[in-house]
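# Geometric and topological summary
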Amino acid sequence: MWKRIEDKYYERRHVYLQVLQLIREHGAISRVEIAAALQMTRGAVSLLIQEMLEKGFLEEVGASPTVVGKGRRKMLLDIHPSRWLLIAVSVDANNIVVGLTTLGWNTLEKQRVPFEIATASCDSLETQIIAVVRQILKSNYIETERILGMGLGMMPSVLHRLFPQEKIAKMEELEQSLSQQLQVPVFMGNALSSMTAYYLYQHAKQETIALFCADGDAYYISFASRTYLVACLYQEPVSMNDFYLSEQETIGTQLTSAALIQRTAPYYSEKQTPVLYRLTGGKLEQLTLPMLFTASCAEGRDFDPCLVPLMEEIMQQFCQIWNNLLLLYQIDQLYLYRLDFTLPYWQEIQQYAKRYMGEERAARLVCGDLTEKCQYAGGVFYAIGSGIQKASS
């Protein structure tokens, strides 16, 4: 199931990222503390830190206080605040978000521009990205020599629309074109992969995590492991729409937006489901999962009783999927992202999960960040990775 790739540059990048994350979490730290946290010898850490100092990733910021008579003061290390900057780009079916960020992940400027996937092309995407990046660099008086890397994370719906054939070759062409025109190292990939890696590096004690995500009318699962330096299943998110719930049923046939509309149709009318009818404006095709939750929730509000068994069945099926994923891949934490599960519903979802998955597995479900922050962080993660890999090679 898990496949390890022996690649010295990939491994070096992995360790650099761990050091940067340690400092982001704890502030300035010593070489001894880094060695203890990463379980490395002091000699190996000294060489690593010397490399990172020479490349401008870190700086020495003075010595730590010590008790009198208790040995030498330890020199503290911090992320260099200004030597390198990053450009992060995230693209979904509605927006392009472009930002300028420090190596310590402090955002200096971020812009969002509309992006209509239905009418977009690879050329139009490239043109918009270049225009916004140049404008941001100009307004901040930043020379391209200070850009460590640019990361571009695309949601699956965008990738499938813009690169229906020869995806890898076409993505490489776009990478090269952007790099040549902007004069910075560029790395692009599926946003879900980088977002999953971002979540992993935010939680130092977790070994294996996964992101269960809805994008368009499909579900995806993306894995990341700290022990194995590559993600599960070829580093690409896996489409879950063919994941079987029973011999005849898949996620695609039962739980996508189109499937939920079809399942709700027999109940839907102004008389039978007045709450849902009002929420959807009398148009069933406007149905979303939060609307279904609201219309079937009986906590002292108006609700549609006929929808309660349907909601129960739907949540049982979701819990079946999550339970199987946790068991199959030995996941420490499963993040639910973009399922239209807003935080007010999270307590309710947890109750379903405890009922159908048990307390222990339900505790391993987490409601992912539902803002653009996570997608943007995925772009930052690609930017750091590409820049470090170039600097390390």
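The written sequence of each chain sets the order in which its residues are numbered from 1. Two thresholds apply to this predicted model, a pLDDT of at least 70 for residue-level local features and 80 or more for giving and counting side-chain atom pairs, whereas whole-chain, interface and lining totals are computed over all residues. Side-chain numbers come from the whole structure's heavy atoms, not from hydrogens or water.

So, about helix H13 (residues 346–357). Each helix corresponds to a stretch of at least 4 residues labelled H or I by DSSP, and each strand to a stretch of at least 2 residues labelled E; elements are numbered beginning at the N terminus. A helix is expected to span 1.5 Å for every residue after the first. In a regular helix each residue adds 1.5 Å, so 12 residues correspond to 16 Å; H13 covers 15 Å between its end C-alpha atoms and thus fits that length. Think of it in three bands: with a 1.4 Å probe and only protein chains considered, a residue is buried below 20% of the maximum accessible area for its type, exposed above 50%, and partly exposed in between. The complete set of buried residues in H13 reads Trp346, Glu348, Ile349, Gln350, Tyr352, Ala353 and Met357. The contact rule is simple, with two residues in contact once any of their heavy atoms fall within 4.5 Å. Where H13 is buried, its residues contact helix H11 (289–296), helix H12 (308–329), strand E12 (333–337), helix H14 (359–362) and strand E13 (365–367). Directly after H13, the chain includes Gly358, whose backbone phi takes a positive value near 90°.

Another point: the packing of H11 against H12. Every axis in this analysis is a line fitted to C-alpha atoms, fitted for helices over the stretch in contact. Angles between the N-to-C directions lie between 0 and 180 degrees. Direction vectors running N to C along H11 and H12 enclose 130°, while the axes themselves pass 9 Å from each other. It follows that H11 is oblique to H12 by the angle criterion. Like other packed secondary-structure pairs, H11 and H12 cross with a definite hand, here left-handed. Taking contact as the criterion, the partners of Leu289, Leu292, Phe293 and Ser296 in H11 are, on H12, Val308, Met311, Ile314, Met315 and Phe318. In terms of residue class, the contact of H11 with H12 is built from eight nonpolar, one polar and no charged. With respect to orientation, any angle under 35 degrees is reported as roughly parallel, any angle over 145 as roughly antiparallel, any angle of 65 to 115 as roughly perpendicular, and every other angle as oblique. Handedness of each helix crossing follows the sense of rotation of the near helix against the far helix: counterclockwise by less than a right angle gives left-handed, clockwise gives right-handed. Polar here means any residue other than Ala, Val, Leu, Ile, Met, Phe, Trp, Tyr, Cys and Pro, which are nonpolar, and Asp, Glu, Lys and Arg, which are charged; Gly is therefore polar.

Moving on: unusual backbone geometry. At Tyr141, a position not held by glycine, the phi torsion is positive, near 55°. Within the secondary structure, Tyr141 sits in the loop between helix H4 (122–139) and strand E7 (147–154). Here the phi dihedral of Glu166 falls at roughly 50°; this positive angle occurs in a residue that is not glycine. Examined against the element boundaries, Glu166 turns out to sit in the loop between helix H5 (156–162) and helix H6 (167–182). Among the residues examined, Glu166 registers a relative accessible area of 57% and is labelled exposed.

Strand pairing is defined by DSSP finding a minimum of two bridges between the two strands. Here we have five strands laid out as an open sheet, ordered E6-E5-E4-E7-E8, and mixed in their pairing. Taken across any chain shown, the strands that pair with only one partner, and hence form the sheet edges, are strand E6 (107–114) and strand E8 (186–190). Strand after strand, the sheet turns through a mean of 15° between neighbouring axes, direction not considered. Across seven bridges, the pairing between strand E4 (residues 85–91) and E7 is parallel. In the sheet register, Ala88 faces E7, and the bridge partner there is Gly151. Along the sheet, H4 makes contact with E4, strand E5 (95–102), E6 and E7, crossing E6 at roughly 150°.

It is the contact of helix H9 (residues 257–264) with H12, at a shortest axis distance of 11 Å, that shows an interaxial angle of 150°. The orientation of H9 relative to H12 falls into the category roughly antiparallel. In the packing of H9 onto H12, the handedness of the crossing is right-handed. Of the residues in H12, those touching H9 at Leu260, Arg263 and Thr264 are Leu310, Glu313, Ile314 and Gln317. Within the contact of H9 with H12, the residues separate by chemical class into three nonpolar, two polar and two charged.

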